Amino acid sequence: MPVGTSGSGEVGRGRGVGLGLALVSAVAFGGSGVAAKPLIEAGLEPLHVVWLRVTGAALVMLPLAVRHRALVRRRPALLAGFGLLAVAGVQAFYFASISRIPVGVALLVEYLAPALVLGWVRFVQRRPVTRAAALGVVLAVGGLACVVEVWSGLSFDALGLLLALGAACCQVGYFVLSDQGSDAGDQAPDPLGVIAYGLLVGALVLTVVARPWGMDWSVLSGSADLDGTPVAAGLLLGWLVLLATVVAYVTGVVAVRRLSPQVAGVVACLEAVIATGLAWVLLGEHLSAPQIVGGAVVLVGAFIAQSSAPAKGSAEPVARGPETDLAARRTAA
């Protein structure tokens, strides 16, 4: 078998694994709302639920933080940035925004992040992107507008929109920081260590913001209503901590390492579709026809972007243009 063919197969398998992990992450993140909403309706403040989620996950990942304690000395800026942006920032800005504007509008603004990631790659890293990848982002964002039914919110609060945009910017930080060091080989920071310390930093920040000492702890010993079915609040909290946070972050960061920030960002748009579908099944929140169509468009956009963007480490140009074609002809000559 030719060496090039073997290398292409290796790259293809790597991208396939990365895509699978990105989908697992989207499903895990998408389930957070289904677990959190009954707890909020049972009497917990939204920020208190966020604090429980992040702090619980930080405790689960604490042994890994101890194991990778050398990261504190080697990559302190990365750990602080991941904790502030990817963990605390996204959560705090999103919950603050939905207190002022419709949830659907806030979600749409937050999931402009894939487009912002593409802008980061193009204008900050100065790397061209394929037209197909850009088209995938446009389709994903347009489909997402249908999923969240953005037209249902006609009056906007300027501060609320700015807060949602802050969540989107923090979401960009999640994808960009998750990719840091991925090309450094054995010197790359271990993703599990980065997540562990990011959760610890996020928990500390959210402790100041959420002030959990005022929380109604008795809610956790009772039950919450899941579409008419009583479910132990502790079970929902376990779902929120283990699946919607630990599994979601671990698979998401590893997916970015195997794909790229822009591709993983577009696939992450599926979180909104998955969250809406789970809410339909488990909370009885039915989808309208435009939401179903929008979900299909998001899937198409994510597939186009994933299949068109070159794999990490590939020698293939990120975008083709007149200069690229001319260089190719000269090489052939």
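Relevant structure appears above.
Only a predicted model underlies this, so the values are computations on that prediction, with no experimental measurement involved. (Residues numbered from 1 in each chain as written. Predicted model: local features only at pLDDT ≥ 70, side-chain atom pairs only at ≥ 80, totals over all residues. Heavy atoms only, no water.)

## Some points on the overall build of the chain
In terms of regular secondary structure, the chain is built from 16 helices and two strands. Of the contacts made within the chain by residues no fewer than 6 positions apart, 86% connect residues no fewer than 24 positions apart. Carbon and sulfur atoms make up 66% of the accessible area of the chain, which amounts to about 15600 Å² in all. (Helix = DSSP H or I, 4+ residues; strand = E, 2+ residues; numbered from the N terminus. Contact = heavy atoms within 4.5 Å. Areas by Shrake-Rupley, 256 points an atom, 1.4 Å probe, with all protein chains shown as cover.)

## Things to note about helix α3 (residues 46–60)
If you check α3, its first and last C-alpha atoms are 21 Å apart, about what 15 residues at 1.5 Å a residue would give, namely 21 Å. Counting buried positions over the 15 residues of α3 gives eleven, a clear majority of the element. Listed as buried for α3 are His48, Val49, Val50, Trp51, Leu52, Arg53, Val54, Thr55, Gly56, Ala57 and Ala58. (Expected span 1.5 Å × (residues − 1). Buried < 20%, exposed > 50% of the residue type's maximum accessible area, 1.4 Å probe, protein only.)

## As for the packing of aromatic side chains
Here the structure, examined in full by the defined rule, presents three aromatic pairs. Taken together, a centroid distance of 6.1 Å and an interplanar angle of 90° make the contact between Trp51 and Trp217 edge-to-face. Note that Trp51 is positioned in helix α3 and Trp217 in the loop between α11 (191–210) and β1 (223–226), a separation of 166 residues in sequence. Measuring from ring centre to ring centre gives 6.3 Å for Phe82 and Tyr249, while their planes differ by 65°; the resulting arrangement is edge-to-face. With a gap of 167 residues between them, Phe82 in helix α6 (residues 76–97) and Tyr249 in helix α12 (residues 233–258) connect regions that are remote in the sequence. Of the residues examined, Phe82 reaches a relative accessible area of 0% and is grouped as buried. (Phe/Tyr/Trp six-rings, centres within 6.5 Å; stacked < 30°, edge-to-face > 60°.)

## Here we look at the nonpolar core
Ranked by size, the top nonpolar core spans 65 residues in total, and within it Leu44, Phe82, Tyr174, Leu199 and Tyr249 carry the most contacts. Those residues in contact with Tyr174 that lie beyond four places of it in its chain are Ser25, Phe29, Phe82, Ala86, Ala248, Tyr249, Gly252 and Val253. Among the nonpolar cores identified, the runner-up in size contains 13 residues, and Ala22, Leu144, Leu270 and Val298 belong to it. (Core = buried A, V, L, I, M, F, W, Y, C linked by side-chain atoms within 4.5 Å.)

## Points about α12
Over its 26 residues, α12 runs 36 Å from end to end, which matches the ideal 38 Å to within 8%, given 1.5 Å per residue. The largest bend along α12 reaches roughly 30° and is located at Ala248. (Bend = angle between axes of the 7 residues up to and from the residue.)

## Topic: the pairing of strand β2 (residues 229–232)
Consecutive side chains along a regular strand alternate between the two faces of the sheet. Inspection of the sheet shows β1 paired to β2 by four bridges, in the antiparallel sense. Each residue of the ladder has a partner; that of Ala224, found in β2, is Val231. (Pairing = 2+ DSSP bridges.)

## Quick look at the environment of Gly56
Take Gly56: it is sitting in helix α3. Sequence spacing of Gly56 and Val241 is 185 residues, and the spatial spacing of their C-alpha atoms is 5.9 Å. If we skip the residues at most four places from it in the chain, Gly56 touches Trp51 and Val241.

## Concerning the side chain of Ser32
Tracing the backbone shows Ser32 in helix α2 (residues 32–41). At a separation of 2.8 Å, a polar atom in the side chain of Ser32 contacts the main-chain carbonyl oxygen of Phe29. (Polar contact = N/O pair within 3.5 Å; in protein donor to acceptor, adjacent residues only side chain to side chain.)

## Comments concerning a nonpolar patch on the surface
Taken together, the side chains of Val24, Val60, Leu242, Leu243 and Val247 make up a nonpolar region of the molecular surface, amounting to roughly 370 Å² of accessible area. When residues of the nonpolar patch are assigned to their parent elements, the largest contribution, three residues, is made by α12. Mapped onto the elements, Leu243 comes out in helix α12. Judged by relative accessible area, Leu243 falls into the partly exposed class, the value being 46%. (Patch = residues over 30% accessible without salt bridge, like charges linked within 9 Å, V, L, I, M, F, W, Y side chains within 5 Å. Salt bridge = Lys/Arg side-chain N within 4 Å of Asp/Glu carboxyl O.)

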